[in-house]
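# Reading the structure
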Amino acid sequence: MENPEFIDIDLQPGHAIRRLHQIAVGIFMQEMGELGVTPLQYGALQVVHNQPGIDQRTLARAIALDASTTGGVVDRLEARGWLERRTAPEDRRARQLVLTPAGEQALAQAVPAMLRAQTQILAPLTPRQQTEFMRLVQVLVTQNNALSRAPAEAPSRPTAG
């Protein structure tokens, strides 16, 4: 069997993205402090806040998670008293997700920490580089979305008007 050629993993995009993800999660958790909201929990809280009554399957697609991982996130948020599952009036099998008043309060506390984390993650870049980085990341995410184990659904954004 031949020896594989020397490959510097630090120059591979997948490795660099994994490292950046580790760093981003570390910064996020440091900024969250005692509130202890994870990036996945924050995403779920924000989407449920933005779309009260969303069902769990739609939430999973919105935050690009598989159903079982989303279920665990929802379970943990429900256990913290931040989220409730309610029976949908039109389909008793479906469960709608809504934030509790405590969940709304937790989200309000989490937003400033989340914003500080985003600023810190991008801080080594100039403002122009930050804009270009985010543009390029969006191209990669959008163009490779179908290759994900849990593709995201395009978010419904309110239109100005």
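Below is a short write-up of the structure. (Residues numbered from 1 in each chain as written. Predicted model: local features only at pLDDT ≥ 70, side-chain atom pairs only at ≥ 80, totals over all residues. Heavy atoms only, no water.)

Right, let's get into the pairing of strand β2 (residues 83-88). On a regular strand, each side chain points to the face opposite its neighbour's, so the side chains alternate between the two faces of the sheet. Inspection of the sheet shows β2 paired to strand β3 (residues 91-99) by 6 bridges, in the antiparallel sense. Opposite threonine 87, over in β3, you have arginine 95 as the bridge partner. The loop that links β2 with its antiparallel partner β3 comprises 2 residues. (Pairing = 2+ DSSP bridges. Helix = DSSP H or I, 4+ residues; strand = E, 2+ residues; numbered from the N terminus.)

We now examine the side chain of threonine 70. The topology assignment puts threonine 70 in helix α4 (residues 67-79). In terms of polar contacts, threonine 70 uses its side chain to reach the backbone carbonyl oxygen of aspartate 66, at 3.0 Å. Contacts of threonine 70, omitting those with residues within four sequence positions, involve Gln56, Leu59, Ala60 and Leu65. (Polar contact = N/O pair within 3.5 Å; in protein donor to acceptor, adjacent residues only side chain to side chain. Contact = heavy atoms within 4.5 Å.)

This part is about the packing of helix α2 (residues 39-50) against helix α5 (residues 101-122). Where α2 contacts α5, the axes come no closer than 10 Å and their chain directions differ by 120°. Taken together, the axis directions place α2 and α5 in an arrangement best described as oblique. Remark: the crossing between α2 and α5 carries left-handed chirality. Counted together, Tyr42, Leu45, Gln46 and His49 of α2 and Glu104, Leu107, Ala110, Val111 and Met114 of α5 form the full contact between these two elements. Considered class by class, the residues forming the contact of α2 with α5 number 6 nonpolar, 2 polar and 1 charged. (Axes fitted to C-alpha atoms, helices over the stretch in contact; angles between N-to-C directions. Parallel < 35°, antiparallel > 145°, perpendicular 65-115°, else oblique. Left-handed = near helix turned anticlockwise from the far one by under 90°. Nonpolar A, V, L, I, M, F, W, Y, C, P; charged D, E, K, R; others polar.)

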